[in-house]
Amino acid sequence: GYQRRVHGKRIFLNLNLEMMEEDSSILTTDRIEELQGKQSTLRYGIFILVGVQSLAAYFARDNPQALQKPLIDHFELNATQYSELYTFFSLPNIIIPFFIGMLIDKWGVPFLNLSITIVLAAGQLICAFSISFESFALLLVGRTFLGIGIENISILQQYIISKHFGNFNVALFTGLNLMCCRLGNILNSAIVPRIFTLTDSLYLGFFIPAIGLVATIVAVSYTHLRAHETGRNLVCRLLLEKKKRHSA
């Protein structure tokens, strides 16, 4: 798959070079700067969405901590069973992060980012449904899915930040993304117990973080597809679109 994509990019680049020679009228300096400016806007847009994604993921991460007492009372858990919520969360990440780099090369960041975000949302929804079904085993399954998503989404986010800000304050944006993660932890501890106090609903405490994760799926995927372009490829894409319109 990776070799086919590389070959396809070479064909695409050769086609773009031919088109640039045939139609250079729109490739003025002002036009290129305008296109690169749009790409820069998309770059900051994708960082904002990555930050929102981090906040939503880490908001869900420590739900058991924010709802510790009602969770223990609901399932009649002992200390060992409660600790299993974090054991099952961490177990898959002993092995899976090792393969993430290879999966990025094979499937690409946009597809993998979308897939893992879906896994995150599914994991939190399973946790919420486990409350309704009063199934501790189902809760452990949800925490496992959540662990697979959160720990590996961090690797993808670092790749995205280094890709789009590799020559411009990459350390700053990495730090800002980490700040979003910790903000998610703080908001979970501050908001979720109050929601439970007001509603006496353990289900709602798990369901609200799932809404935040679902909301990030489409936005993160689409914006990354556009922001992932280089300035040259952005110009080339517009040239292809123009040629198609003239051929129609």
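Preceding this section is the structure that the text describes.
Residues numbered from 1 in each chain as written. Predicted model: local features only at pLDDT ≥ 70, side-chain atom pairs only at ≥ 80, totals over all residues. Heavy atoms only, no water.

Draft legend 1. Summary view of helix α5 (residues 79–90). The end-to-end C-alpha distance of α5, which contains 12 residues, comes to 17 Å, matching closely the 16 Å that a straight helix rising 1.5 Å per residue would cover. Every buried residue of α5 is listed here: Tyr82, Leu85 and Phe89. Viewed end-on, α5 has its buried residues packed into an arc of 30°, placing them on one side of the element. Residues Ala79 and Thr80 are exposed on α5 and point more than 90 degrees away from its buried face. With a side-chain oxygen positioned 3.1 Å from the backbone nitrogen of threonine 80, the residue opening α5 is asparagine 78. (Helix = DSSP H or I, 4+ residues; strand = E, 2+ residues; numbered from the N terminus. Expected span 1.5 Å × (residues − 1). Buried < 20%, exposed > 50% of the residue type's maximum accessible area, 1.4 Å probe, protein only. Arc of directions from axis to C-beta. Polar contact = N/O pair within 3.5 Å; in protein donor to acceptor, adjacent residues only side chain to side chain.)

Draft legend 2. Summary view of the pattern of salt bridges. A full pass over the atoms with the stated rule returns two salt bridges. For arginine 61, the salt bridge is made with aspartate 62, and the minimal N-O distance between the two is 3.4 Å. In this structure arginine 61 comes out as partly exposed when scored by relative accessible area, which is 23%. What makes aspartate 62 buried here is its relative accessible area of 13%. Aspartate 73 is the salt-bridge partner of lysine 69, the closest N and O atoms lying 3.1 Å from each other. Of the two residues, lysine 69 and aspartate 73 are both situated in helix α4 (residues 68–75); the distance of four residues between them amounts to about one turn of the helix. (Salt bridge = Lys/Arg side-chain N within 4 Å of Asp/Glu carboxyl O.)

Draft legend 3. Region of the structure containing α4. Taken together, the buried positions of α4 are Pro70, Leu71 and Phe75. End-on view of α4: buried residues confined to an arc of 115°, all on one side of the axis. At the C-terminal side of α4, glutamate 76 shows a positive phi close to 55°.

Draft legend 4. Up close: the packing of aromatic side chains. In total, this model carries four aromatic pairs according to the counting rule given. Here the guanidinium or amino end of arginine 143 rests over the ring plane of tyrosine 86, the centre of that ring lying 5.0 Å away. (Phe/Tyr/Trp six-rings, centres within 6.5 Å; stacked < 30°, edge-to-face > 60°. Lys NZ or Arg CZ within 6 Å of the ring centre and 35° of its normal.)

Draft legend 5. Quick peek at a nonpolar patch on the surface. Taken together, Leu91, Ile94, Ile95, Phe98, Phe99 and Met102 make up a surface patch of nonpolar side chains, about 680 Å² in accessible area. If you trace the backbone, phenylalanine 99 turns up in helix α6 (residues 97–107). Residue classification places phenylalanine 99 among the partly exposed residues on the basis of a relative accessible area of 39%. (Patch = residues over 30% accessible without salt bridge, like charges linked within 9 Å, V, L, I, M, F, W, Y side chains within 5 Å. Areas by Shrake-Rupley, 256 points an atom, 1.4 Å probe, with all protein chains shown as cover.)

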